[in-house]
Amino acid sequence: MGIIVTRIADFWRHPGPEQTDTSHDLYKVFLKEVIAAVDKGNCEALDVLQEEAQINCWGSIESLQTVPPLLCRAAAKGRKQVIKYLLELGVNADETDTSGMTPLHHACRGKRTDCMRLLLSKAREIDRRDVWGRTPLIKALVYRGLEAAELLLEKGANPNAVDIYGMTPVTTAIDYNLTDILRTLVSHGADVNQVNQHSFRWSGPPLYLAINNQNTDMVNELLRLGATTVPRLQDYTTTRPSGGLSWSYLQFTGGTTNHHVGLTPTLTHSNAVSMAMAELMKRGHEHIDNDCQGMEILMALLSAHGHPLGPSPDVLVRVLINSRPSDFSMLLHKLQVCSSSCQDGMVGLGQTDRGGDATSAGLRLQRQQQQAQEIPNQQAIGNNNNNNNDEDDDSGNNSSNNSSNNSSNSSKKKIHRRVTSLQNQARRVVRKSVMRSGRNVVWATKRLQCPPALKSLILLRDIDRAYSPPSPRFTKPFMPPASS
C-alpha cells in the first residue's frame, strides 16, 4: 500500500508530457477569459476566474503578467468598475507596458477622465515618462484631452516637462492651437519663455514656434501672456528626461557645466522680429500684402518689441522693398520707432561696400523713401494749382500767394517733423523702460495705470490709424415720401 501511495506522489511531482500540455492549454484559456472579462468590464466573471485561479494554483488575477497589463487595458477601454476592482486587489497603479506607458497614459489618450480620477487616487508618479519622454500631461494635450489636462494640472502635474524631442506642454498646445489650455498652463506655472531645442524643426522659445507655424492668434496670445521677443539666458533649459544636460547646452559649453553662457548657436535669429521677417520672405511673394498672416505677425511683434533691433540684416531691406507703396511708410515708421539706429543702419547698408546686391537694395530703399516723401508734397502742390488757376489775370498775385503758402507749408512741415521726432523719441524711452519687466511691451502696457490714449501711443496703434484708409461714412438711404 505504501508503494502505491509513493508512486502516485511521484506522478504528481513529475507529471508526464501529456499532463503538462493539458495544464498549459487550460492556463491559456484562463488568460483569454480574464482578458475578455477585462475588455467587457465584467467584474462578476473576474470573481469566478479569481476562485478558479486559486483552486488550480495559478496564483491570482493581480499577479498575472499580460501584455499590455490588465490595468492598462482597462484604462484604455474605459472600464471604470474593472479599474476599481483591480486597484482593490492591490494592482500597482504605476505599472508600465512595453512602451513605458502607465495606465494614466492610456486613460489620457482615451480622454477617460472618470478613470483618471480613480488612478490618480492610487498613483504615486503623476509625471512618469514613457519611452518618448512624454508625461501623461503631454499625452493628454497630443490627443486634445482638455479636461484630462486640466485635471492633471489640478493634481500637480509638471507644466514644464520636456520630452526627448524638446517638446513641452506649452509647445504642444501651440502645435495643436489650444489657446484655452495655454492660458490654463500659464496659470499653473508654465513658462512661456522656456528655450528648448527641437530635434527636427526649430530651436528657441515657444514664440519662435508660433512664428514658424504662422499662427497669428497664438502669437498674440503668447504676447499677452508675457512671452519675450528676445531669448533670455535664464530661460534656457539645461535638463533632459535622462537627467543630463541638453545637447545644445553641451554643444555651446564644450561639455562643461559653466552656467555663464550666451545665445546657443542653434538659434539662427537673435529676436522674434528678425525671425518674423525671415518667415515673411520665405512664404511671401514678389509684393507683400499687409493683410497676409506673416505681415500681421510682424506688426504684432513690432508693437511688442521694445529692445533695439541692432544692425539691419538684408532681410529687413528685402521686406521693405517687396512691401506695397501704401504699406512702406507705415512699416518704415514703426521700424524707426522700435530702434533709433534702424534708419542709420538701412541708409548705411546702401553706402557700404557689401556687394552688388546689398548696394542695389540700399539704393532702391532710398529711392522708395524719396517717393514716399514726395507723394504728399505733390498732392499739396496739385491742390494749390487747382485753386489758383481760377483767375488767369492775377498771375503775379497768385505767384506771391503761392510762394507765401509754400513757405508757410514748409515751416509747418518742419515743425510737424520735429514734433513727430520728439514724440517718437519719448515713445522709445517709454517702450525701453517697460521692457525692464523682462516681458514685452504688450504685457507691460496692459498693467500700466495710465489713460488708454497713452497706451495706444506706446503700442504704436496711432501709426496704424494714421496710415489706414479712411472708413466709409454711413449714409442713410433715401426713402421716398409716402404717398397720401
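All values derive from a computational prediction rather than experimental measurement. (Residues numbered from 1 in each chain as written. Predicted model: local features only at pLDDT ≥ 70, side-chain atom pairs only at ≥ 80, totals over all residues. Heavy atoms only, no water.)

Structural notes on the overall build of the protein chain
Using the following cut-off: Secondary structure elements follow DSSP: runs of H or I of four or more residues count as helices, runs of E of two or more count as strands, with numbering from the N terminus. Exposure classes here rest on a 1.4 Å probe applied to the protein chains alone. A residue is buried below 20% of its type maximum, exposed above 50%, and partly exposed in between. What makes two residues a contact is simply this: any of their non-hydrogen atoms within 4.5 Å. All accessibility values rest on the Shrake-Rupley procedure with a 1.4 Å probe; residue burial counts only the protein chains present in the view.
Along its length, the protein chain carries 24 helices and two strands. By residue count, 42% of the 484 residues in the protein chain fall in the buried class. For the protein chain, the share of sequence-separated contacts (at least 6 apart) that also reach a separation of at least 24 residues comes to 68%. Within the structure as shown, the protein chain displays about 26900 Å² of accessible surface, and the carbon and sulfur contribution to it stands at 51%.

A few points about the packing of aromatic side chains
In plain terms, the rule: Any pair of Phe, Tyr and Trp rings, taking the six-membered ring for Trp, is counted once the centres come within 6.5 Å. Such a pair is stacked with planes under 30 degrees apart, edge-to-face with planes over 60 apart, and tilted for the rest. By definition here, charges over rings are those cases where NZ of Lys or CZ of Arg is within 6 Å of the ring centre and within 35 degrees of the ring normal.
Here the structure, examined in full by the defined rule, presents three aromatic pairs. Ring geometry for Phe-30 against Trp-58: centres 5.2 Å apart, planes inclined by 40 degrees, an arrangement best described as tilted. With Phe-30 in helix H2 (residues 17-40) and Trp-58 in the loop between helix H3 (43-55) and helix H4 (70-77), this pair connects stretches of sequence that are 28 residues apart. Residue classification places Phe-30 among the buried positions, given a relative accessible area of 1%. Positioned above the aromatic ring of Trp-443, the side-chain terminus of Arg-439 is 5.3 Å from the ring centre.

A look at a positive patch on the surface
Stated formally: Nonpolar side chains (Val, Leu, Ile, Met, Phe, Trp, Tyr) within 5 Å and like charges within 9 Å form the patches, drawn only from residues with over 30% relative accessible area and no salt bridge. The salt bridge criterion pairs a side-chain nitrogen of Lys or Arg with a carboxyl oxygen of Asp or Glu, the two atoms within 4 Å. His is not counted, nor are the chain ends; Lys and Arg add positive charge and Asp and Glu add negative charge. A single reference atom marks each charge: NZ on Lys, CZ on Arg, CG on Asp, CD on Glu.
Together, Lys-80, Lys-84, Arg-117 and Lys-155 give the surface a local cluster of positive charge. Tracing the backbone through its elements, the reader meets Lys-155 in the loop between helix H9 (146-154) and helix H10 (169-175).

Let's talk about a nonpolar patch on the surface
There is a patch of nonpolar side chains on the surface, built from Val-131, Trp-132 and Ile-164 and spanning about 260 Å² of accessible area. Within the secondary structure, Trp-132 is located in the loop between helix H7 (113-122) and helix H8 (136-142).

What about helix H16 (residues 293-304)?
It helps to recall that an α-helix has 3.6 residues per turn; residues three or four apart then point in one direction. Our working definition: Expected span, for any helix, means 1.5 Å times one less than how many residues it has.
In this model H16 runs 17 Å from its N-terminal to its C-terminal C-alpha over 12 residues, within 8% of the 16 Å that 1.5 Å per residue would give. For H16, the buried fraction is high: 10 of the 12 residues fall into the buried class. Gly-294, Met-295, Ile-297, Leu-298, Met-299, Ala-300, Leu-301, Leu-302, Ser-303 and Ala-304 are the residues of H16 that are buried.

Overview of the pattern of salt bridges
Using the criterion set out here, one finds 10 salt bridges in the structure. The salt bridge partner of Arg-73 is Asp-39, with a shortest N-O separation of 3.7 Å. Of the two residues, Arg-73 is situated in helix H4 and Asp-39 in helix H2; the sequence distance between them amounts to 34 residues. Between Arg-128 and Glu-125 there is a salt bridge whose closest N-O contact spans 3.3 Å. Residue classification places Arg-128 among the partly exposed residues on the basis of a relative accessible area of 28%. Glu-125 gets classed as partly exposed once you look at its relative accessible area, which sits at 38%.

Examining the UniProt feature "repeat: ANK" (unreviewed entry) in the protein chain
Filter applied, for reference: UniProt positions are given in the numbering used here, feature names are shortened, and annotations may be inferred rather than shown by experiment.
The positions that UniProt labels "repeat: ANK" (unreviewed entry) are, in the present scheme, residues 99-131, 132-164 and 165-197. The distance from the first to the last C-alpha atom of residues 99-131 is 6 Å, and the span holds 52% helix and 0% strand. Secondary structure content for residues 132-164 is 48% helix and 0% strand, while the C-alpha to C-alpha distance between its ends is 6 Å.

Thoughts on helix H5 (residues 80-89)
Buried residues of H5: Val-82, Ile-83, Tyr-85, Leu-86 and Leu-87, and no others. Where H5 ends, the next residue or the one after it, Gly-90, has phi of about 100 degrees, a positive value.

What to know about the packing of H16 against helix H18 (residues 325-338)
Basically, it comes down to this: With axes taken as lines fitted to C-alpha atoms, and helix axes fitted only over the stretch in contact, angles between N-to-C directions fall between 0 and 180 degrees. Here roughly perpendicular refers to angles of 65 to 115 degrees, roughly parallel to angles under 35, roughly antiparallel to angles over 145, and oblique to all remaining angles. By the definition used in this description, the sense in which the near helix is turned from the far one sets the handedness, with an anticlockwise turn below a right angle giving left-handed and a clockwise turn giving right-handed. Side-chain classes follow a simple rule in which Ala, Val, Leu, Ile, Met, Phe, Trp, Tyr, Cys and Pro form the nonpolar group, Asp, Glu, Lys and Arg form the charged group, and the remainder, Gly included, forms the polar group.
As a packed pair, H16 and H18 sit with axes 10 Å apart at the nearest point and diverge in direction by 30 degrees. As far as their axial angle goes, H18 and H16 are roughly parallel. Regarding H16 and H18, the two cross each other, and that crossing is left-handed. Contact residues: Met-295, Leu-298, Met-299, Leu-302 and Ser-303 in H16; Met-330, Leu-331, Lys-334, Leu-335 and Cys-338 in H18. Looking at the contact of H16 with H18 residue by residue, the class counts come to eight nonpolar, one polar and one charged.

Re the environment of Arg-283
With respect to the element layout, Arg-283 can be found in helix H15 (residues 272-283). Taking the relative accessible area as the measure of exposure, Arg-283 reaches 41% and is therefore partly exposed. Along the backbone, Arg-283 and Gln-293 are 10 residues apart, and their C-alpha atoms lie at a distance of 10.0 Å. Setting aside residues no more than four positions away along its own chain, Arg-283 makes contact with Asn-212 and Gln-214.

Examining the packing of H5 against H7
Between two packed helices, both the angle of their axes relative to each other and the distance between the axes serve to describe the pair. Relative to each other, H5 and H7 sit at 10 degrees, their axes nearing to 9 Å. With respect to H7, the element H5 is oriented roughly parallel. On the side of H5, the interface is formed by Lys-80, Ile-83, Lys-84 and Leu-87, while H7 contributes Asp-114, Cys-115, Leu-118, Leu-119 and Lys-122. Counted by class, the contact of H5 with H7 contains five nonpolar, no polar and four charged residues.

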